[in-house]
Amino acid sequence: MLATSGSLSAAAREMGITTSAVSKRLALLEGRIGVPLVNRTTRRMSLTPEGEVLLEHAQRILQELSDLEQMLTKSKGTPKGQLRVNATLGFGRLHIAPAISQYVLRYPEVDVQLQLSVDPPPLADDQFDVCIRFGAPADTRVIARRLAANRRLLCAAPKYLAQRGEPKTPAELGRHNCITIRQGDEAYGVWRLLSGRETEHDAAAVKVRGNLTTNDGEIAVNWALDGHGILMRAEWDIERYLQSGRLVQVLPGYRTPDADIHAVYPHRHQLSARIRTFVDFLVERFERFD
C-alpha cells in the first residue's frame, strides 16, 4: 500500500487503520528482514531497492495464491488479476494490442500490461506472464501454444522490379538491393531459403546486401513500398499490400524455415485462469491465419 499511496497517512486511510499502526507494522517488517524498505523524507516516502524486490515477490505470491483459489473453487472460470504480456513491435502493435482490447471486454476483471520490444526478453527472467514468440522455444521450463503459421515471403514493389528485373534464383539476390532487418539472434544479412521438399537442414544461406537497414519491420516495409529493394517479411505484415498489388512476391517457389507464432508461458502458470483464458482467446482469434 505504501508503494502506491506515498505516505504513511495515505496508506492508513486506504487500509482503514491509524497512521501509528501502519508505522508499527512497517517497523516490525523492517526489523524482521534487517534492511530498510522505505526511504523516508519530509514530503514523500518511496521504496528502497530492497523494498522494490520485496514488493515484486509479494505481488507474485499473492497472484499465485489467487490463481490457486480460482482453480480450486467455482470461480476458476472468471479470470482476474494482473496479466503481463510481451510481444514484438510490429506483431504486437498490429495484432496483439487489438486482441487484448477484445479480451478485456470479455474479462473486465483482468488488468493487462502490454510491453512491446524489438528483441524478446529472456524467458527465465520472469518479467512477463505470456510472451508472443516466433518459433517454438527449446526451453523445457515453458509451455508454447502455437497461434498461427508464420510464412516469411520475399517481396518488392512493382516499380523496383520494373527497373532492376526479377530474380529467378536465390543466387541472383546478390545482384539486387535487399532491405535488411537487424532483429533477435538471426544472422544479419543472411537469408535462408528452401525449395520443394527440402528440410530446414538443407536451406541455402544466401548473403544479401543493400543500402538500407533497420531494426523496425514497419520501416522496412515502407521502404519496400517506396521501391528501394527486395524485402523478406512475414506474410501477416505484408498480406494487405500483396492483395492490393503494392508489393509483389519474389521467388514464389522458395520458402523460408518455419518460425510459427507461439504464446509462451511458464509451466506454473497452468493454474492461472487469466493466462489460460488469454492464450485460448489468442488461439481462437488467430485461427484465421492458418
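Identification of the protein as LysR family transcriptional regulator from Pseudoduganella dura is taken from an unreviewed UniProt entry. What UniProt states about the protein under its Sequence similarities (unreviewed entry) heading is, verbatim, "Belongs to the LysR transcriptional regulatory family."

Engineer: Before we go on, may I ask you to explain the side chain of Asp129 in this structure?
Structural biologist: Within the secondary structure, Asp129 sits in the loop between β4 (110-117) and β5 (130-134). On the basis of relative accessible area, Asp129 is assigned to the buried category, the value being 3%. Within the local environment of Asp129, its side chain forms a polar contact with the backbone nitrogen of Arg84, the two atoms lying 2.7 Å apart.

Engineer: Is there a simple way to explain the sheet that holds strand β10 (residues 204-207) in this structure?
Structural biologist: Two modes of strand pairing occur in sheets, parallel and antiparallel, and in both the strands are linked by backbone hydrogen bonds. Reading across from one edge, β10-β9-β14 is the order of the three strands in this open sheet, with antiparallel pairing throughout. Strands at the two margins of the open sheet, each flanked by one partner only, are β10 and β14 (254-255). Sheet analysis places strand β9 (residues 190-195) next to β10, joined by four bridges and oriented antiparallel. Its bridge partner being in β10, Leu193 is matched across the sheet by Ala204.

Engineer: Even after reading the chapter, I still don't get a nonpolar patch on the surface, so can you show me in this structure?
Structural biologist: Taken together, the side chains of Leu29, Ile33 and Leu54 present a nonpolar region at the surface, about 210 Å² in accessible area. With respect to the secondary-structure elements, Ile33 resides in helix α3 (residues 19-33).

Engineer: Any chance you could explain the sheet that holds strand β6 (residues 142-148) here in plain terms?
Structural biologist: The strand order across the open sheet formed by five strands is β4-β3-β5-β15-β6, and the pairing between neighbours is mixed. With one partner strand each, in any of the chains shown, β4 and β6 form the two edges of the open sheet. Here the strands of the sheet are splayed against their neighbours by 25 degrees on average, with no regard to which way each runs. Here two bridges tie strand β3 (residues 81-88) to β5, and the two strands are oriented parallel to one another. Along β5, the bridge assignment pairs Val85 with Val130.

Engineer: I tried to follow the pattern of salt bridges on my own but got confused; where do I start?
Structural biologist: Pairing between side chains of opposite charge can happen when their charged atoms approach one another. Tallied over the entire structure, the rule returns seven salt bridges. Residue Arg145 pairs with Asp280 through a salt bridge whose shortest N-O separation is 3.1 Å. Of the two residues, Arg145 is situated in strand β6 and Asp280 in helix α9 (residues 273-285); the sequence distance between them amounts to 135 residues. Arg145 gets classed as partly exposed once you look at its relative accessible area, which sits at 28%.

Engineer: What's the story with the packing of helix α7 (residues 217-225) against helix α8 (residues 235-244) in this structure? I'm lost.
Structural biologist: Relative placement of two packed helices is described by the angle separating their axes and the distance separating the axes. Relative to each other, α7 and α8 sit at 25 degrees, their axes nearing to 11 Å. Looking at the two axes, α7 sits roughly parallel to α8. The two elements α7 and α8 meet at a crossing, and its hand is right-handed. Every residue of α8 that contacts α7 at Gly217, Val221 and Leu225 is listed here: Asp237, Ile238 and Tyr241. Residues of the contact of α7 with α8, tallied by class, amount to four nonpolar, one polar and one charged.

Rules used in this analysis
Residues numbered from 1 in each chain as written. Predicted model: local features only at pLDDT ≥ 70, side-chain atom pairs only at ≥ 80, totals over all residues. Heavy atoms only, no water. UniProt positions renumbered as here; feature names shortened; annotations may be inferred. Helix = DSSP H or I, 4+ residues; strand = E, 2+ residues; numbered from the N terminus. Buried < 20%, exposed > 50% of the residue type's maximum accessible area, 1.4 Å probe, protein only. Polar contact = N/O pair within 3.5 Å; in protein donor to acceptor, adjacent residues only side chain to side chain. Pairing = 2+ DSSP bridges. Patch = residues over 30% accessible without salt bridge, like charges linked within 9 Å, V, L, I, M, F, W, Y side chains within 5 Å. Areas by Shrake-Rupley, 256 points an atom, 1.4 Å probe, with all protein chains shown as cover. Salt bridge = Lys/Arg side-chain N within 4 Å of Asp/Glu carboxyl O. Axes fitted to C-alpha atoms, helices over the stretch in contact; angles between N-to-C directions. Parallel < 35°, antiparallel > 145°, perpendicular 65-115°, else oblique. Left-handed = near helix turned anticlockwise from the far one by under 90°. Contact = heavy atoms within 4.5 Å. Nonpolar A, V, L, I, M, F, W, Y, C, P; charged D, E, K, R; others polar.

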